[in-house]
Amino acid sequence: MVDLTPTPNNYDKSVNYFSTEVTDFSSQYGSENSISYTTCNLANESSIYPNYGDFTHACVLRTYGPWWRQAPSYLTPLRRTPKSFISQDYIDLRFPGALYPTKIEIYETYNPGTVVRILAYNDKCGVRWATLWSGSPQHVPAKSRIFSPPLRRIKFPTSLIRIEFCHTHVEYYTELDAVRLTGTINRPLRNGDSNVDFSASETEQLLQQLTLNGPLKSSSSENGNFDLLPGEVIQVILSYLDMPSLCAAAMTCKWMTTHWTPCMKDADTSRGSICPGVAIMDWSHPVDLGGQCLTGSYQKL
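Presented here is an overview of the structure given in this document. None of these values were measured; they are calculated from a predicted model. (Residues numbered from 1 in each chain as written. Predicted model: local features only at pLDDT ≥ 70, side-chain atom pairs only at ≥ 80, totals over all residues. Heavy atoms only, no water.)

## Here's the deal with the packing of aromatic side chains
Quick note on the threshold: Whether two aromatic rings pair depends on their centres lying within 6.5 Å, for rings of Phe, Tyr and Trp, where Trp uses its six-membered ring; planes under 30 degrees apart make the pair stacked, over 60 edge-to-face, and the rest tilted. Secondary structure counts use DSSP, requiring at least four H or I residues in a row for a helix and at least two E residues in a row for a strand, with both numbered from the N terminus. Accessibility here uses a 1.4 Å probe with only protein chains present; expressed as a share of the type maximum, an area under 20% marks a residue as buried, one over 50% as exposed, and anything in between as partly exposed. Only when the NZ of Lys or the CZ of Arg is both within 6 Å of the ring centre and within 35 degrees of the ring normal is a charge said to sit over the ring.
Tallied over the full model, the rule gives 12 aromatic pairs. Each ring, one from Y64 and one from Y173, has its centre 4.6 Å from the other, and the planes form 70°; the classification is edge-to-face. On the criterion of sequence distance, the pair formed by Y64 in the loop between β3 (59–60) and α1 (67–70) and Y173 in the loop between β8 (158–165) and β9 (175–184) is long-range, its members being 109 residues apart. Just as Y64 is buried, Y173 falls in that class too. Taken together, the ring pairs connect Y29, Y37, Y52, Y64, Y110, Y172 and Y173 into an aromatic cluster. Across from the ring centre of Y90, 4.3 Å away, lies the NZ or CZ of R162, which sits over that ring. When the ring centre of W129 is taken as origin, the NZ or CZ atom of R162, which lies over that ring, is 4.5 Å away.

## Considerations on the pattern of salt bridges
Basically, it comes down to this: The salt bridge definition used is simple: a Lys or Arg side-chain nitrogen within 4 Å of an Asp or Glu carboxyl oxygen.
Inspection of the entire model under this criterion finds 5 salt bridges. A salt bridge links D92 to R162; the shortest N-O distance between them is 2.6 Å. Of the two residues, D92 is situated in strand β4 (residues 89–110) and R162 in strand β8; the sequence distance between them amounts to 70 residues. R162 gets classed as buried once you look at its relative accessible area, which sits at 12%. Within this structure, K103, E105 and R180 form a network of salt bridges that share partners.

## Notes on the side chain of E175
Convention followed: Two N or O atoms form a polar contact when they lie within 3.5 Å of each other; inside protein one atom must be a possible hydrogen donor and the other a possible acceptor, and for residues adjacent in sequence the pair counts only when both atoms belong to side chains. The contact criterion used throughout is that any non-hydrogen atoms of two residues lie within 4.5 Å.
Looking at where E175 falls in the secondary structure, it is placed in strand β9. Among the polar contacts listed, one links the side chain of E175 to the backbone nitrogen of F55, at a separation of 3.0 Å. Excluding residues within four positions of it along the chain, E175 makes contact with Y37, G53, D54, F55, A58, C59, V60, Y107, E108, T109 and Y110.

## A look at the state of the cysteines
As a reminder of what qualifies: Disulfides are defined as cysteine sulfur pairs within 2.5 Å.
With the rule as written, the count across this model stands at 0 disulfides. Left unpaired, C40 is separated from the closest cysteine sulfur, that of C59, by 8.5 Å.

Right, here's the structure in full:
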């Protein structure tokens, strides 16, 4: 562990250390009750590199190849993103202290070349991410490597890094061994540094475009971060409920009154319902759904 306490001797020095915690992720191959093929294996120093192959103590995500989209059960996602947004999975990694990143090393030990974006979190500006690097999936030789792309300089220190992946071109799962962050405790000053710009990541900008209620706001309700989700994302989540459950939720969910009903009434049904089988509720008449008598009526789309 590197001592990050600022002193006259280390204030301008470059320090590096491995991630110590996985705070969030989109998917993993292993189960939550196991440490085999799970994302928590990234919260450690390197233990596999330079070996290449399938190791149970590696981090393995759940997606690879194009077959996910070719399967009959594939559901077309709600998409309002540009074609340049190709990320399929992500992992958020916490480091012991906040640094101004100068280098990130990703230890890829099986089917490398899937990293497409690296982001840094700014906890002083709300939910805000800055892009350190972005690129296309790479076709590289089948051997272990340390992927370290050139990083964009940012104006804030960070202890939380997000790595995004695109696996469509690989024939099997990608496996990661470790991630190491290098940076300085204070902001490095260079010629032209005053002209360095940083902005919200493309991920955050796309979330802003998704919401129908204007910019994302901090949540102060008992629902926590759920209220920060765009309406369309909540709509997709609720589309997995069966009809009785959906009716029961509508009886207590203010969001369905303020958003769902007008959204579905205005939907272009000629192109197919956003949520097939979902009903528009009118709670002025009773409705019997599978033996459950609820106050309300519904109109099938």
